[in-house]
Amino acid sequence: MAKRYWLLKSEPFKYSWDDLVAEKEGTWDGVRNHRAKNNLAAMEVGDQAFFYHSREGLEIVGICEVSVAGITDPTDETGKWAAVKVKPKTKLPSPVTLKQIKAEPALEDCELVRQSRLSVAEIKPEEWSVIMSLAGV
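Residues numbered from 1 in each chain as written. Predicted model: local features only at pLDDT ≥ 70, side-chain atom pairs only at ≥ 80, totals over all residues. Heavy atoms only, no water.

(A) Spatial organisation of the overall build of the chain. Secondary structure summary: the chain contains 5 helices and 6 strands in total. When its helices and strands are written in sequence order, the chain yields β-α-β-α-β-β-β-α-α-β-α. By its C-alpha atoms, the chain is 40 × 30 × 30 Å across when sized along the principal axes. Once local pairs closer than 6 in sequence are excluded, the contacts in the chain between residues at least 24 apart make up 70%. On the chain, roughly 7,200 Å² of surface is accessible, and the fraction owed to carbon and sulfur atoms is 49%. Taking the average location of the 19 positive side-chain charges in the chain and that of its 21 negative ones, the two points are 2 Å from each other. (Helix = DSSP H or I, 4+ residues; strand = E, 2+ residues; numbered from the N terminus. Contact = heavy atoms within 4.5 Å. Areas by Shrake-Rupley, 256 points an atom, 1.4 Å probe, with all protein chains shown as cover. Lys, Arg positive; Asp, Glu negative; His and termini not counted. Charge placed at Lys NZ, Arg CZ, Asp CG, Glu CD.)

(B) Examining the pattern of salt bridges more closely. Applying the stated rule across the entire model yields 6 salt bridges. Note that Glu11 is salt-bridged to Arg55, the shortest N-O span being 3.2 Å. Here Arg55 lies in the loop between strand 3 (48-53) and strand 4 (59-72) and Glu11 lies in the loop between strand 1 (5-10) and helix 1 (17-23), a separation of 44 residues in the sequence. In this structure, a network of salt bridges that share partners links the residues Glu11, Lys14 and Arg55. (Salt bridge = Lys/Arg side-chain N within 4 Å of Asp/Glu carboxyl O.)

(C) Structural context of the packing of aromatic side chains. For the structure shown, the criterion picks out 6 aromatic pairs. Their ring planes at 15° and their centres at 3.8 Å tell us that Phe50 and Trp128 sit as a pair that is stacked. On the criterion of sequence distance, the pair formed by Phe50 in strand 3 and Trp128 in helix 5 (residues 125-134) is long-range, its members being 78 residues apart. In this structure Phe50 comes out as buried when scored by relative accessible area, which is 0%. Clustering of aromatic rings is evident, with ring pairs tying together Tyr15, Trp17, Trp28 and Phe51. Here Lys37 stacks its cationic end above the ring of Trp81, 5.7 Å away from the centre of that ring. (Phe/Tyr/Trp six-rings, centres within 6.5 Å; stacked < 30°, edge-to-face > 60°. Buried < 20%, exposed > 50% of the residue type's maximum accessible area, 1.4 Å probe, protein only. Lys NZ or Arg CZ within 6 Å of the ring centre and 35° of its normal.)

Bear in mind that shape data such as this cannot, by itself, settle questions of function.
What follows is the structure, given as structure tokens:
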């Protein structure tokens, strides 16, 4: 099965890229949206994800990799919400802002643009390539 790409949003004052780097592996939990839950449940070990700072910055700052998939959210007493573990891979040479993403015609159908409140979004391979080029990679 082909590797899939994702975008994970976090408010930097709660959990930032630097926090993930310091921890070396973090649990992506606390998601309580059904589409985002389905995205978490679809992730496989080795999938790549953009790390997006929401609220402050509104920008993609790094790339992380799914290290453990298919786990139940440890913050959920009901056992119905999904989580994954991720490890930091690379800080982007140039953060990619939401403004840049919205200005790029090739990204107009991106889940980040279409469903802006979604905290875990799928990124199509062609969208991943466009965002990487905007980051200078």
